[in-house]
Amino acid sequence: MEQIHQRLSSKSEELIAKENQYGAHNYHSLPVVLERGEGVYVWDIDGKKYFDFLSAYSAVNQGHCHPKIVDAMIKQAQTLTLTSRAFFNDQLGKYEEYITNYFNFDKVLPMNTGAEAVETALKLCRKWAYEVKGIPENQAQIIVCENNFHGRTTTIISFSNDETARKSFGPFTDGFIKIPYDDIEALENVLKSSTNIAGFLVEPIQGEAGVYVPSEGYLAKAKALCKQHNTLFIADEVQTGIARTGRLLATCGNCTCKNGCENTPEIKPDILILGKALSGGVYPVSAVLANNEIMNVIKPGQHGSTFGGNPIAAAVAIAALEVIKDEKLADNSAYLGNILRNGLNEIAQRNSLITLVRGKGLLNAIVINCEENSNLAWEVCMKFSEYGLLAKPTHGNKIRLAPPLVITESQINECLAIIEKALNDFK
Ligand SMILES: *Cc1c(COP(=O)(O)O)cnc(C)c1O
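This is a predicted model, so every value here is computed, not measured.

**Observations regarding the overall build of the chain**
At step 1: A count of helical and extended segments in the chain gives 14 helices and 15 strands.
At step 2: Taking 427 residues into account, the globule formula puts the C-alpha radius of gyration at 22 Å, and the chain, at 22 Å, falls close to it.
At step 3: In terms of principal-axis extent, the alpha carbons of the chain reach across some 65 × 55 × 45 Å.
At step 4: Split into buried and exposed, the 427 residues of the chain put 55% on the buried side.
At step 5: Nonlocal contacts in the chain, meaning residues at least 24 apart in sequence, comprise 73% of its contacts between residues at least 6 apart.
At step 6: Total accessible area on the chain is roughly 19000 Å²; 50% of this is exposed by carbon and sulfur atoms.
At step 7: Distance between charge centres in the chain, computed from 41 positive and 48 negative side chains, equals 2 Å.

**With respect to the pattern of salt bridges**
At step 1: Here the structure, examined in full by the defined rule, presents nine salt bridges.
At step 2: Between Glu 163 and Arg 166 there is a salt bridge; the shortest N-O distance is 3.5 Å. On the criterion of helical spacing, the pair formed by Glu 163 and Arg 166 is a turn pair, its members being three residues apart in helix H7 (residues 163–166).
At step 3: The exposure class assigned to Arg 166 is buried, which follows from its relative accessible area of 17%.

**Side note on the layout of surface pockets**
At step 1: If you add up the space inside the second largest pocket, you get close to 460 Å³.
At step 2: In this structure, the second largest pocket is lined by 21 residues; those nearest its centre are Arg 85, Glu 96, Val 108, Leu 109 and Pro 110.
At step 3: Looking at the lining of the second largest pocket, the elements that each hand over two or more residues are helix H4 (92–103) and strand S4 (107–111).
At step 4: Element by element, the count of residues in the lining of the second largest pocket is highest for S4, at five residues.

**Some points on the pairing of strand S7 (residues 197–202)**
At step 1: Counted residue by residue, S7 has six buried out of six residues, so it is predominantly covered.
At step 2: Across three bridges, the pairing between strand S5 (residues 141–145) and S7 is parallel. When the bridges of S7 are listed, Ile 143 appears paired with Phe 200.
At step 3: Two strands pair when backbone bridges link them, and S7 and strand S8 (residues 232–236) are joined in this way by four bridges, in the parallel orientation. Its bridge partner lying in S8, Gly 199 is registered against Leu 232.
At step 4: Taken together, S7, helix H9 (residues 218–228) and S8 form a β-α-β motif whose crossover is right-handed.

**Side note on the sheet that holds strand S15 (residues 398–401)**
At step 1: Taken together, the four strands give an open sheet; going across it, the order is S11-S12-S15-S14, and neighbouring strands pair in antiparallel fashion. The sheet terminates laterally at strand S11 (354–360) and strand S14 (393–394), the two strands that pair on one side only.
At step 2: Inspection of the sheet shows S14 paired to S15 by two bridges, in the antiparallel sense. Looking at S15, one finds that Thr 394 is bridged to Lys 398.
At step 3: Contacting strand S12 (363–368), S14 and S15, helix H13 (residues 376–386) runs over the sheet at an angle of about 35° to S15.

**Re the site of the ligand**
At step 1: Looking at the ligand, the residues that line it are Thr 113, Gly 114, Ala 115, Phe 149, His 150, Gly 151, Glu 203, Asp 236, Val 238, Gln 239 and Lys 276.
At step 2: Ala 115 is positioned such that a nitrogen or oxygen atom in its backbone is 2.8 Å from an oxygen atom of the ligand.
At step 3: Asp 236 is positioned with one of its side-chain polar atoms (N or O) 2.7 Å from a nitrogen atom of the ligand.
At step 4: A total of 380 Å² of accessible area belongs to the ligand in isolation, and the protein chains cover 81% of it.
At step 5: Its residues placed into classes, the shell around the ligand shows three nonpolar, five polar and three charged.

**Let's talk about the confidence of the model for the chain**
At step 1: For the chain, the average pLDDT comes to 94, and 96% of its residues sit at 70 or higher.
At step 2: Across residues 254–262 the pLDDT falls below 50, and counting only partners more than four positions away or on other chains, this stretch makes 20 contacts in the model.

**Some points on the side chain of Thr 231**
At step 1: Position of Thr 231 among the secondary structure elements: in the loop between H9 and S8.
At step 2: With a relative accessible area of 2%, Thr 231 lands in the buried category.
At step 3: A distance of 3.2 Å separates a polar side-chain atom of Thr 231 from the backbone oxygen of Ile 197.
At step 4: Here the side chain of Thr 231 touches His 229 through a polar contact of 3.1 Å, landing on its backbone oxygen.
At step 5: In this structure, Thr 231 is in contact with Lys 133, Leu 191, Ile 197, Ala 198, Gly 199, Phe 200, Cys 226 and Asp 270, ignoring residues within four places of it in sequence.

**What about helix H3 (residues 67–77)?**
At step 1: Inspection of H3 places Ile 69, Ala 72 and Gln 76 among the buried residues, and these make up the whole buried set. Mapping the buried residues of H3 onto a view down its axis gives an arc of 60°, with all of them on the same face. Across from the buried face of H3, at angles greater than 90 degrees, the exposed residues are Pro 67 and Lys 75.
At step 2: Lining the buried residues of H3 we find helix H11 (311–326).

**Things to note about the packing of aromatic side chains**
At step 1: Overall, the coordinates contain seven aromatic pairs when judged by the stated rule.
At step 2: Ring centres of Phe 159 and Phe 176 lie 4.4 Å apart, and the angle between their planes is 45°; this geometry places the pair in the tilted category. Within this pair, whereas Phe 159 is found in the loop between helix H6 (154–158) and H7, its partner Phe 176 is found in strand S6 (residues 176–179), the two being separated by 17 residues in sequence. Here Phe 159 matches Phe 176 in class, with each residue buried.
At step 3: These aromatic residues form a ring-pair network of at least three members: Tyr 41, Trp 43 and Phe 51.
At step 4: In this structure, Arg 166 packs its charged tip against the face of Phe 172, placed 4.2 Å from the ring centre.
At step 5: Positioned above the aromatic ring of Phe 105 is the side chain of Lys 268, whose terminal nitrogen or guanidinium carbon lies 4.2 Å from the ring centre.

Parameters and conventions
Residues numbered from 1 in each chain as written. Predicted model: local features only at pLDDT ≥ 70, side-chain atom pairs only at ≥ 80, totals over all residues. Heavy atoms only, no water. Helix = DSSP H or I, 4+ residues; strand = E, 2+ residues; numbered from the N terminus. Rg over C-alpha atoms; globule rule 2.2 N^0.38 Å. Buried < 20%, exposed > 50% of the residue type's maximum accessible area, 1.4 Å probe, protein only. Contact = heavy atoms within 4.5 Å. Areas by Shrake-Rupley, 256 points an atom, 1.4 Å probe, with all protein chains shown as cover. Lys, Arg positive; Asp, Glu negative; His and termini not counted. Charge placed at Lys NZ, Arg CZ, Asp CG, Glu CD. Salt bridge = Lys/Arg side-chain N within 4 Å of Asp/Glu carboxyl O. 1 Å grid on protein atoms, 1.4 Å probe; cavity = no way out; pocket = protein on both sides within 12 Å on 5 of 7 lines; lining within 4 Å. Points joined across faces, edges and corners; volume = space filled by probe spheres on them. Pairing = 2+ DSSP bridges. Right-handed = clockwise from strand over helix to strand, strands pointing away. Axes fitted to C-alpha atoms, helices over the stretch in contact; angles between N-to-C directions. Near = heavy atom within 4 Å. Polar contact = N/O pair within 3.5 Å; in protein donor to acceptor, adjacent residues only side chain to side chain. Nonpolar A, V, L, I, M, F, W, Y, C, P; charged D, E, K, R; others polar. pLDDT = per-residue confidence, 0-100. Arc of directions from axis to C-beta. Phe/Tyr/Trp six-rings, centres within 6.5 Å; stacked < 30°, edge-to-face > 60°. Lys NZ or Arg CZ within 6 Å of the ring centre and 35° of its normal.

Shown next, in the form of structure tokens:
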């Protein structure tokens, strides 16, 4: 297999060697060294251009280096960067008003990374459970799903079932009950089994697990059951949110999102977790949204972050959310997602290397015809890269295909041709 790898330039080899020598080995990166990005494209240090089909795990939905978002960042960076929340700043309130109106919640709690926002949601849920629902202290349980991905902190990996993410990091945090994903009966059984259930944390589509789309109606039924049992329905939309799946939120139900989001009530989460594309990939910005009866349980000193809600984050997030609406990226994602999946299904009919195509909007995956632990999906991604398209395997034999949402129809067709050409090399 070695000979199918394109040769790296010595400049690339040098930079990769530096990361290997001086950096912790916590990622297995594809051997390409990028130095520039614009829209759907990135360029490596030798000037080779690629379509970015990972979009930094859906952080770059608005496209690389979007000028409006970068301008907002530069302008704010030259004015005021960080005050901490010890004082007020002139950007935060404006942003809080904007994002809560945008997503139709009473309040927001600003954080920086996705994992921090998930941690925030868990703490918020527990506090609500003790102070509002009346669960006895330290007895609250939160339901989570098998094969979830919610980040990498100690509490979050406590309820992961990815052994690589967990091994030798214990002891873990208690208070979580794991059920199969997309299994309403399992959810109902746990909700019925105890009066100490505080919340249900779920990804509307399981991204890292390989873009698992639950069956139609699953989320609405889950929300209804949670409501019936006075349990919070918590949606982790760090990856699915902000137009990625063809709607502003994957929990928008069937609304068309022409002008922002009137969440359909049947599916609107009690707590919404956002991150990644909330900044268009230019800055770490995350957020937890909820209504007053939940968010008001948090009092001064009980939670926070030095950088959370900083003026740059506030200015950047407003610009990033404006771009989503101005450029109708939810509609583009829905429209081009169908074209991409249709094209991939046609390729699958001609090439048995693809066994399955799935996804929603521009969050998609192909399943490669091999064992989960085989190297083939990695080799396919190496071929994609040689032909100018960057993607990465997720969980063995699945390859996620998630370009920036600013991609055009002719670019999607160009990419389908690249994908087919690369796959044909394995025939
Ligand atoms: C990426 C991701 C996270 C974690 O976000 P970080 O910014 O990497 O901490 C949490 N949940 C989901 C669904 C994600 O995709």
